[in-house]
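# Tertiary structure, described
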Amino acid sequence: MKQLTDCKGEPLPIFGKGLVTECAVVPGAVPFGSVWNLKVLMVADLSTGSDDIPVPIPGQFYLIRAAKTGLLLGRPISVYMARKAGEAAHIEFLILKKGKGTQEICGLKKNEEVQLIGPTGNSFPTPEKTDKVCIVGGGIGVAPVAGFASTLEPKSYDFFASFKSGSYGLEYVDAAELKITTDDGSAGIHGMLPAALTAQTLKEKGYTVLYACGPTPMLAYVQKICMEAGVKSFLSMEKNMACGVGACLGCTITTTEGNKRCCKDGPVFKGEILQFEPPKYKAIFGSEKPASDFEPDLSVEVAGVKFANPVIAASGTFGYGSEYASVFDVNGLGGICSKGLTLQARPGNTGARLVETSSGLINSIGLENPGIEHFIEHELPSMLALKPVTIANLSGSSIETYVEGAKLLEKTAVPMIELNISCPNVKAGGMGFGMDCELASTVTKAVREVTKKPLMVKLTPNAPDLIGVAMAVREAGADALSLVNTFQAMSIDLNTGRPVFDNIRAGFSGPAVKPIALRMVYDLVQSMNKLPESERIPVVGLGGISCWQDAVEFLMAGASAIQVGTATFSNPNTMLEIIRGLKDYMKQKGFKTISEFRGIAQ
């Protein structure tokens, strides 16, 4: 089939594959390595659904995704340059290396495959012969307007390029006048765009049309001066998106003509219809100057127990600490939760125990452990010899087994007990203690009566009334709460048509659960904050945390500390990387202590 076009003759997007012909650092970008030049060859036999490869027009973009990737969505990247050669299309992009998606794209090697949806969106309209043209590019937004400029007659336009530092993307620009501004003065005029372009400049130069792409604040400024000077403008907007073809409505922007889809109705819009709203919130900073040489204090306190940092190895994923000692320096952690301990040794569940899923892991280990007495004699001494705070995770199948296990732990030097109430109560038909407010309260109270140690109760996210359970165990004597434990899940064997796990249901964890776990921690902290301060207890957050950004979100949601579990399986250094990332973040933002930003997400 031939390439489809819309009623204006513009190519409609297709889903295809391309081969990387080059992926290299753009030399002029500062800091070095922050901007990359990706060149892709699209040919008919690689693409799906078309034997004619469309060539994008200036202003259009592609959703780009590495063929081998763990990411769900492609990233919208504007076309820098494009040309047709036979049945192939050579397409060039400038990419700002920023998040996971762009980092992955910038790491592509020659001949690796990329998936592309596009070309999508509209284009910059061609100026009239009588127009006096002004083109403005800011940062990575230089790419599409530079590509557009290359289609115009040389010297028929003026070009303004604004950067924080350095300059790049101007190789194809042949302007009558080229002006560069940099915030740090490293190139051209010292300052941002207003240092070179104002409403008065527009009037004096006699511009009749302006084309621009760049950061939203810059575009808002361009719209303002164009309206003051009576100059028509066309602005290329950016928005996070999923489909790229106008189906999902995830990339809408507000205009005087109603909501418009950035991917379909844009990305180029008439400047006068755009409605720019000021940011709802300002960026946060601590009491110190950002990027100064001070050393932030990462220590936290949970239920009277002090941790050197807020990163704790979660129960069930880290053994007793010594297992990972040869892999990395476990003494850098804030704490270590032991495997789930029961009064008597347990062999665990029969059958399959692990199933990997997209961004997650389903496990049916079944609390296999040597029993508390064995733990006290053999594993606990080595745990206590480590620097991280030792936390004993106590599980049980009845009130009596919980109580007897707590009595044994009370006689030890273990600093804290984490009470796992997600376990099934054999006397209540297998119902988990943590699923019911009364059961949760009863077991917590019973354990509280036999131990004076700080007691942190670990909550299940499967409870119908999580907040109710949390408040019940708080009233029953809990000193802290940790959540969330694993979510109930299952898997089916395609060969047998039967559930994979003997118990059918198993526990789901990993990055996929993080947004839900974060919401639950946030909700609980919000409920806790409604109590008098003297009645509140700290919350330790866990569930899908795999990087320092995740950890900061949980702390901002109000968690006093965080636990990391499944992420350690894919990258044993995850927790150390989180600690380093957290420290660097605090230095960049000027936070002396974690308390300066804990719980600010109100």
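To start, this report covers the structure provided alongside it. Please read all numbers here as calculations on a predicted model, not as lab measurements.

This model, assessed by the stated rule, comprises 19 salt bridges. Here Arg353 ties to Glu368 by a salt bridge, and the two come within 2.7 Å at their closest N and O atoms. Here the residue Arg353 occupies a position in the loop between strand E19 (335–337) and strand E20 (354–357), and Glu368 occupies one in the loop between strand E21 (360–363) and helix H5 (372–384), the gap between them amounting to 15 residues. For Arg353, a relative accessible area of 25% translates into the label partly exposed. A salt bridge links Lys407 to Glu404, with the nearest nitrogen and oxygen atoms 3.4 Å apart. Taken together, the residues Lys407 and Glu404, both in helix H6 (residues 399–410) and three residues apart, mark about one turn of the helix. Of the residues examined, Lys407 reaches a relative accessible area of 38% and is grouped as partly exposed. Beyond isolated ion pairs, a larger network of salt bridges with shared partners links Glu177, Lys179 and Lys205.

Bringing the sheet that holds strand E9 (residues 177–182) into the picture now. The sheet built from seven strands is open, its strands ordered E10-E9-E8-E7-E11-E12-E15 with mixed pairing. On the outer flanks of this sheet lie strand E10 (189–190) and strand E15 (268–270), each paired with one strand and no other. Note that strand E11 (residues 209–213) and strand E12 (residues 232–236) share five bridges and pair parallel. Counterpart to Cys213 in the pairing with E12 is Ser236. The sheet strands contacting helix H2 (residues 142–149) are strand E7 (133–138), strand E8 (157–163) and E11, and the helix crosses E7 at an angle near 150°.

Pairing is antiparallel across the open sheet formed by four strands, whose spatial order is E20-E21-E29-E28. Single-partner strands in this sheet number two, and they are E20 and strand E28 (487–489). Geometrically, the sheet is characterised by an average inter-axis angle of 35° between neighbouring strands, direction not taken into account. Relative to strand E29 (residues 506–509), E28 is paired through three bridges, and the arrangement is antiparallel. Paired with Phe487 across the strands is Phe508, a residue of E29.

We now examine the environment of Lys387. When you line up the elements, Lys387 lands in the loop between H5 and strand E22 (389–394). For the pair Lys387 and Val173, spaced 214 residues apart in the sequence, the C-alpha separation amounts to 60 Å.

Mapped onto the elements, Lys589 comes out in helix H12 (residues 574–589). It turns out Lys589 is buried and unbridged, and the closest side chain with the opposite charge, Glu596, is 12 Å from it. Ignoring anything within four residues of it in the chain, the contact list for Lys589 reads Ala283, Ile284, Phe285, Gly286, Glu288 and Pro290.

In terms of nonpolar packing, the biggest core is built from 95 residues, with Phe318, Leu333, Ile421, Leu459, Leu481, Leu483 and Phe597 touching the most fellow members. Ala29, Ala149, Tyr168 and Tyr211 belong to the second-largest nonpolar core, a separate cluster that totals 31 residues.

With four of five residues buried, E12 is to be regarded as a mostly interior element. Read from E11 through helix H4 (residues 216–229) to E12, the crossover connection turns out right-handed.

Take the pairing of E29 next. Here E21 pairs with E29 via three bridges, running antiparallel. Within E29, the position partnered with Asn363 by the bridge is Gly507.

Turning our attention to the side chain of Thr412. Within the secondary structure, Thr412 is located in the loop between H6 and strand E23 (416–420). Only 3.3 Å separates the side chain of Thr412 from the backbone nitrogen of Val414, close enough to count as a polar contact. When near neighbours in sequence (up to four residues on either side) are disregarded, Thr412 contacts Ile376, Leu380 and Lys453.

Time to look at unusual backbone geometry. In this structure, the amide linkage connecting Val30 to the following residue, Pro31, adopts the cis form with an omega of 0°. Residue Asn111 is not a glycine yet carries a positive backbone phi of 80°. Looking at where Asn111 falls in the secondary structure, it is placed in the loop between helix H1 (100–106) and strand E6 (113–120). For Leu367, which is not glycine, the phi dihedral falls at a positive 55°. Inspection of the secondary structure assignment puts Leu367 in the loop between E21 and H5. Residue class for Leu367 comes out partly exposed when judged on its relative accessible area of 24%.

Calculation criteria
- Residues numbered from 1 in each chain as written.
- Predicted model: local features only at pLDDT ≥ 70, side-chain atom pairs only at ≥ 80, totals over all residues.
- Heavy atoms only, no water.
- Salt bridge = Lys/Arg side-chain N within 4 Å of Asp/Glu carboxyl O.
- Helix = DSSP H or I, 4+ residues; strand = E, 2+ residues; numbered from the N terminus.
- Buried < 20%, exposed > 50% of the residue type's maximum accessible area, 1.4 Å probe, protein only.
- Pairing = 2+ DSSP bridges.
- Contact = heavy atoms within 4.5 Å.
- Axes fitted to C-alpha atoms, helices over the stretch in contact; angles between N-to-C directions.
- Lys, Arg positive; Asp, Glu negative; His and termini not counted.
- Core = buried A, V, L, I, M, F, W, Y, C linked by side-chain atoms within 4.5 Å.
- Right-handed = clockwise from strand over helix to strand, strands pointing away.
- Polar contact = N/O pair within 3.5 Å; in protein donor to acceptor, adjacent residues only side chain to side chain.

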